[in-house]
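Topology and contacts: notes
Chain by chain, the residues run as shown.
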Amino acid sequence: MVSNWTEIPSPLFKKVVIVLIDALRDDFVFGSKGKQFMPYTTQVVEKGTSYSFIAEVKPPTVTMPRIKALMTGSVPGFIDVIVNLNSPALLDDNLIWQAKTAGKRIIFYGDDTWVKLFPKHFVEYDGTTSFFVSDFTEVDDNVTRHLDRVLKREDWDLLILHYLGLDHIGHVTGPNSPLVGPKLREMDNILKKIHISLLSKEEASLPNLLVVCGDHGMSETGSHGGSSEGEVHTPLLFISSAFEKRSGPLAQPELVQQTDLASTLAVGLGLPISRNSVGNLILPVVGGKTMREQLRFVHLNGFQLSKLLQENTPAYEKDPGYEHFKIAEKSHGNWIKLYLEGNNSEILLNLGKKVLKQYLEALKTLSSSLSKQVAQYDMYSMMVGTVIIMEVLLLLLLSIPKALSSQAEFEVPLSPPLFSLLFYLMCLMLCAVHIIVCTSAESLCYFCSMSWLTAVGVMMLISALMCGILSAIAKIFENSRLPLKNPVVSSSSWSEIDVLILAGTIGHVLSLGASSFIEEEHQTWYFLINTLCLALCQELCRNNFLLKESDPQHSTTGKQNFDSIGEASEYKNIDIPAAGNLKLGKATSSAEFIKGSDKWISLASPWIILICCRLLRSLNQTGVQWAHRPDFGHWLTSSEHIAELSFLAAVSLLTIFFLVQRRCSLVSKIAMALGLLGVYSYRAAIGNVIFPWQHDSKDISKGITEARFVYVFVLGIVFTGTKDLLKSQVISADSSVKSTGLWEVYNGLVLLAALLFRPHNLPVLVFCLLIQTMMTRYIWRPLKFDAARITVMHYWFGQAFFYFQGNSNGIATVDVSAGFVGLESYVEIPAIFLTAFATYSGPLLWAIHLLCYLSSEVSRNSAAVGHGCFCYALMRSIPVAVYIVLVTGLRYHLFIWSVFSPKLLYEGVHVFITVAICLFFTAMDQNHSHKVED
């Protein structure tokens, strides 16, 4: 056995060029598109000196985590989806740092994410922004313009090129776009130029290497971030004169892991393998070397993996991969003895092959074991966050009686607890636990890394919330023992609607514990709103046909099921419209409220809504199981149906104007009409639709002018509404002025949604407005539902419309292109706002409509807006709190990264949006503002 087993071997290649084509799917190279549009690359793959593989990518399939995986060989965390927006410098051991330390001269052109991850590592670079997805050509031309000059030079060792154009085309037009072919042909010509240049400059000593790869693939809709086959399979090509020329038919490329590239390039460049790499050496790349060199390479990889296992696993000696590696190492020692003895027989060759096989099995097992253990969870920080969330939820639940009272008060009793002995004792105990955990923890803890002032603040918050909960519980028990001053017979009863709301909420929350239900969550919401429509139909029939003067008390239906709790605490919910004006002896059934044809429209409304929902389900296939199936949206967006799409978009925009104009002032009507015309003009400018006098959509642009034209009207309408709101809040407390202002703001948001929605999704906005109008006029008013029930219905429909848009719980369905409508370059804050608004338009529009509706109903109690705000916050808090607990418990689940983590990310963003909505509710709550003035 020799002592240089773990020494770094000499480099195998003189120069290495890495061409990373963003969103390059495997079928773009190995499929029919490759044969048609990439002839040179296909020839090299089939008959040239190359090795072809399909690299499997781990979610999240977004650029920054994938660059980290390629260069470090490690599996990045899911938080990198957020960090992807503004990448910090990479501090982990990586191939770029090792190359720079070894004196390699590195040049980079392309996505500026590399420049942010590896600052001061490149001797020359030119970064281009990766987020401006409307740019298909310049973003690649800025890379290619350097090629001729750099390929003639000899002052570099590693050249990295990251092309973004294909990814941008996918985001905007999808993988089947006619723009994909020309872009692939452009990439093929670039690869041909680089390959020929490398071959012409090769010396006898060391060959050069060209690596072609993708950071991730592309879904059937053109996006990425999830775990569909199109997103996780990318081509990986090694092209060099050092390899043997291919002969015979081309077999299916072997499947390797994306993390394997870091180990393979490290060996090829004569560098140490990155410390945290879990990748395996791709053996065919070094297959031309002697058996002794091959064994040395795989041993080097195995030694690095076993060392990483020792650092992360206490009982590493019992790990099957470690045991296999030790067996292979022992066999390797026997082979070395035979080799040094000068034995060159068949026995030595066969033993070498056996040892090589043992090493490869050990590497595979070690890599698999490390990939599973790579997620090191900061349990202490997770538990602290979970405790705070559960405390807030418990406070909300305990506050139901008071929050749904006629005063709509939500006051957390913190003052007495803050001066109690229990509060200080809890703070002292929690600080002691914090010190013990942080001083004994071996791994880095996020909460322990905070300043002591911040940590003590968190401990005080936990203690205050706990004391507040105990105080609220004590007050409930105290009130329950007191006799009621005005005892009344409780008339509250659980109707079918109440039972459905409770069962639906509980059922949805329980479904979050199953990965299949999360993947297909849209089915849950579709089922709930369909069932709700049937329940509403039954309620309308009962009120129109079954209830007559003999049952007058049912006309005041709308008592929320929380009333029983409220009455026990001497709080009574009286936000029912006109409830104060009804006298028991003169009560009438709600059938008399509806006259003539309105009665039949009211009865037909739930069925019309059901038909609308069924049509919307056919528009966008979402989820995972059936996402690949063709839908009406795919049919519309195909290039041969642009005329049908144009007609549908025009009709949708006209219908939107018709539905919103009745609540607009004359000036806003004109602004809305011009704005919707601008929306169509913008879509025509970028080639999505055509005007009747156009024969094709060849003259396309970025539509910057048209989009900004629409933004002017959006801001104008919102400004008009904001002016009315400020007038109602500051100058005079006029509810009609406030209602007008809220509807103006709502209409401005509708116009913004029309601009950001893709043309085939405009019917979603039309049906959203239509269903809101029908439910307002023909369901909620006749049935006199209270604010709590109406809030739950708004929340349910908002969730359903989130999925009707084509969204899912996978990152791939986020329409990134919406964030760049009207922008000439990437501007972070507007891009994030527009993307978030476009993604959550459904829940947002339904939430704002709830506020507008409750504020405009003059017959309602002034506490109705407060009730709506509280119920909306409660409906959002229950699933989020339970889901966080479930995810914490399921952190080692097989689908934690592909299913549960993306859903947690969606829930987190939705919580931020809900907080903004609730703050807006609170600001518009006239009842609350009066209390502040008093």
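Refer to the preceding data block for the structure.
Now for a quick tour of the structure. (Residues numbered from 1 in each chain as written. Predicted model: local features only at pLDDT ≥ 70, side-chain atom pairs only at ≥ 80, totals over all residues. Heavy atoms only, no water.)

**Some details on the overall build of the protein**
Where we set the bar: The helix count covers DSSP runs of H or I at least four residues long, the strand count covers runs of E at least two residues long, and both are numbered beginning at the N terminus. Contact criterion: two residues are considered in contact whenever any of their non-hydrogen atoms come within 4.5 Å of each other. Working definition of accessibility: Shrake-Rupley area with a 1.4 Å probe, residue cover restricted to the visible protein chains.
Check the secondary structure of the protein and you find 38 helices and eight strands. Of the contacts formed within the protein by residues at least 6 apart in sequence, a portion of 78% connects residues at least 24 apart. Of the accessible surface of the protein, which amounts to about 40600 Å², a share of 63% is contributed by carbon and sulfur atoms.

**A short note on the nonpolar core**
Stated precisely, the cut-off is as follows: Here, the term nonpolar core denotes a set of buried Ala, Val, Leu, Ile, Met, Phe, Trp, Tyr and Cys residues that are joined through side-chain atoms within 4.5 Å. Relative accessibility thresholds used throughout: buried, under 20% of the residue-type maximum; exposed, over 50%; partly exposed, between the two (1.4 Å probe, protein chains only).
Residues Trp796 and Phe797 are the most contacted members of the largest nonpolar core, which totals 111 residues. Membership of the second largest hydrophobic core comes to 65 residues, among which are Ala99, Ile273, Val286 and Leu370.

**Side note on helix 26 (residues 597-619)**
Note the cut-off: To estimate how far a helix should extend, the number of its residues minus one is multiplied by 1.5 Å. Think of it this way: the bend at a residue is just the angle between two axes, each fitted to seven residues, one set ending at that residue and the other starting at it.
Here helix 26 is 23 residues long and its end C-alpha atoms lie 32 Å apart, about the 33 Å a rise of 1.5 Å per residue gives. Its maximal kink placed at Ser605, helix 26 deviates by approximately 40 degrees, while the proline Pro606 follows within four residues. Those residues of helix 26 lying buried are Ser602, Leu603, Ser605, Pro606, Ile609, Leu610, Cys612, Cys613, Leu616 and Leu619. Contacts from the buried residues of helix 26 go to helix 24 (521-546), helix 27 (632-637), helix 32 (762-783) and helix 33 (787-804).

**Digging into the packing of aromatic side chains**
To be explicit about the condition: Under the pairing criterion, centres of Phe, Tyr and Trp rings, with the six-membered ring standing for Trp, must be within 6.5 Å; the plane angle then separates stacked pairs below 30 degrees from edge-to-face pairs above 60, leaving the rest tilted. In our convention, an over-ring charge means Lys NZ or Arg CZ found within 6 Å of a ring centre and within 35 degrees of that ring's normal.
Under the criterion given, the structure shown has 28 aromatic pairs. Centroid distance Tyr380 to Phe447: 5.6 Å. Interplanar angle 50 degrees. Geometry classified as tilted. Taken together, the positions of Tyr380 in helix 17 (residues 379-398) and Phe447 in the loop between helix 20 (421-440) and helix 21 (452-481) put the pair 67 residues apart, joining distant regions of the chain. Take Tyr380 and Phe447: they sit in the same class, and that class is buried. Three or more aromatic residues joined by ring pairs make a cluster, and in this case those are Tyr526, Phe797, Phe801, Phe804 and Trp846. Across from the ring centre of Trp600, 5.3 Å away, lies the NZ or CZ of Lys599, which sits over that ring.

**Quick notes on the pairing of strand 5 (residues 158-163)**
Stated precisely, the cut-off is as follows: Strand pairing is defined by DSSP finding a minimum of two bridges between the two strands.
Taking burial as the measure, the six residues of strand 5 include six buried ones, the bulk of the element. Side-chain alternation along strand 5 places Leu158, Ile160 and His162 on one buried face and Leu159, Leu161 and Tyr163 on a second face that is also buried. In terms of strand pairing, strand 1 (residues 16-21) meets strand 5 through six bridges, oriented parallel. Among the inter-strand pairings, Ile18 is bridged to a residue of strand 5, identified as Ile160. As judged from the five bridges shared by strand 3 (residues 106-111) and strand 5, these two strands associate in the parallel manner.

**Notes on the pattern of salt bridges**
What counts here: What makes a salt bridge here is a side-chain nitrogen of Lys or Arg within 4 Å of a carboxyl oxygen of Asp or Glu, nothing more.
Overall, the coordinates contain 21 salt bridges when judged by the stated rule. In this structure, Arg275 engages Glu311 in a salt bridge whose closest nitrogen and oxygen atoms are separated by 3.4 Å. Of the two residues, Arg275 sits in the loop between helix 13 (260-269) and helix 14 (291-312) while Glu311 sits in helix 14, which places them 36 residues apart along the sequence. Among the ionic pairs, Asp498 bridges to Arg789, the shortest N-O distance being 2.9 Å. Pair noted here: Asp498 is in helix 22 (residues 496-511) and Arg789 is in helix 33, with a separation of 291 residues, a long-range link. Owing to a relative accessible area of 0%, Asp498 belongs among the buried residues under this scheme.

**A short note on the state of the cysteines**
Put simply, the rule is: When the sulfur atoms of two cysteines come within 2.5 Å, that pair is taken as a disulfide.
A full pass over the atoms with the stated rule returns one disulfide. Note on cysteine connectivity: Cys438 is disulfide-linked to Cys448, with sulfurs 2.0 Å apart. Judged by the sign of its S-S torsion, about -85 degrees, the bond between Cys438 and Cys448 is left-handed. Taken together, the positions of Cys438 in helix 20 and Cys448 in the loop between helix 20 and helix 21 put the pair ten residues apart, joining distant regions of the chain. Accessibility expressed as a relative area gives 23% for Cys438, which makes it partly exposed. Here Cys533 is not disulfide-linked; the sulfur of Cys613 is the nearest cysteine sulfur, at 5.6 Å. Here Cys533 falls in the buried class, since its relative accessible area comes to 1%.

**With respect to the packing of helix 17 against helix 21**
How we decide: Convention adopted: a line fitted to C-alpha atoms gives each axis, helices being fitted over their contacting stretch, and angles between N-to-C directions are expressed from 0 to 180 degrees. Note that the term roughly parallel is reserved for angles under 35 degrees, roughly antiparallel for angles over 145, roughly perpendicular for angles of 65 to 115, and oblique for everything else. Each crossing gets its handedness from the near helix: less than a right angle anticlockwise from the far helix is left-handed, clockwise is right-handed.
Their axes nearest at 10 Å, the elements helix 17 and helix 21 cross at an angle of 30 degrees. In this view, helix 17 runs roughly parallel relative to helix 21, as classed from their interaxial angle. The interaxial crossing formed by helix 17 with helix 21 has left-handed handedness. The residues of helix 21 that touch helix 17, namely those facing Tyr380, Val384, Val387, Ile388, Glu391, Val392, Leu394, Leu395 and Leu398, are Val458, Met459, Leu461, Ile462, Leu465, Met466, Gly468, Ile469, Ala472, Ile473 and Ile476.

**As for the pairing of strand 2 (residues 50-56)**
Extensive coverage of strand 2 is indicated by the burial of five of its seven residues. One ladder, built from four bridges, connects strand 2 with strand 8 (residues 254-257); its direction is parallel. By the bridge assignment for strand 8, Ile54 is matched with Leu255.

**A look at the environment of Tyr746**
With respect to the helices and strands, Tyr746 occurs in helix 31 (residues 735-756). For Tyr746, a relative accessible area of 0% puts it in the buried group. Along the primary structure Tyr746 and Trp846 are separated by 100 residues, whereas in three dimensions their C-alpha atoms are 9.8 Å apart. If near-sequence neighbours (up to four positions away) are discounted, Tyr746 is found in contact with Arg663, Leu769, Gln772, Leu845, Ile848, His849 and Cys852.

**Some words on the sheet that holds strand 8**
The strand order 4-3-5-1-6-7-2-8 describes an open sheet built from eight strands, whose pairing is mixed. If you trace the sheet from one side to the other, it starts and ends with strand 4 (124-128) and strand 8, each paired once. Strand-to-strand twist across the sheet, computed as the mean angle between neighbouring axes with direction ignored, equals 20 degrees. Strands in contact with helix 11 (residues 180-200) are strand 1, strand 5, strand 6 (209-213) and strand 7 (233-239); relative to strand 6, the strand with the most contacts, it is inclined by about 165 degrees.

**Comments concerning the side chain of His508**
With respect to the element layout, His508 can be found in helix 22. Leaving out residues up to four positions away in the same chain, His508 has contacts with Glu521, Thr524, Trp525 and Pro879.

**What about a nonpolar patch on the surface?**
The line we're drawing: Excluding any residue in a salt bridge, patches collect residues exceeding 30% relative accessible area, merging like charges within 9 Å and nonpolar Val, Leu, Ile, Met, Phe, Trp and Tyr side chains within 5 Å.
Together, Trp494, Val499, Leu502, Ile506 and Leu510 make up a nonpolar patch on the protein surface, roughly 510 Å² of accessible area in all. Among the structural elements, Leu510 can be located in helix 22.

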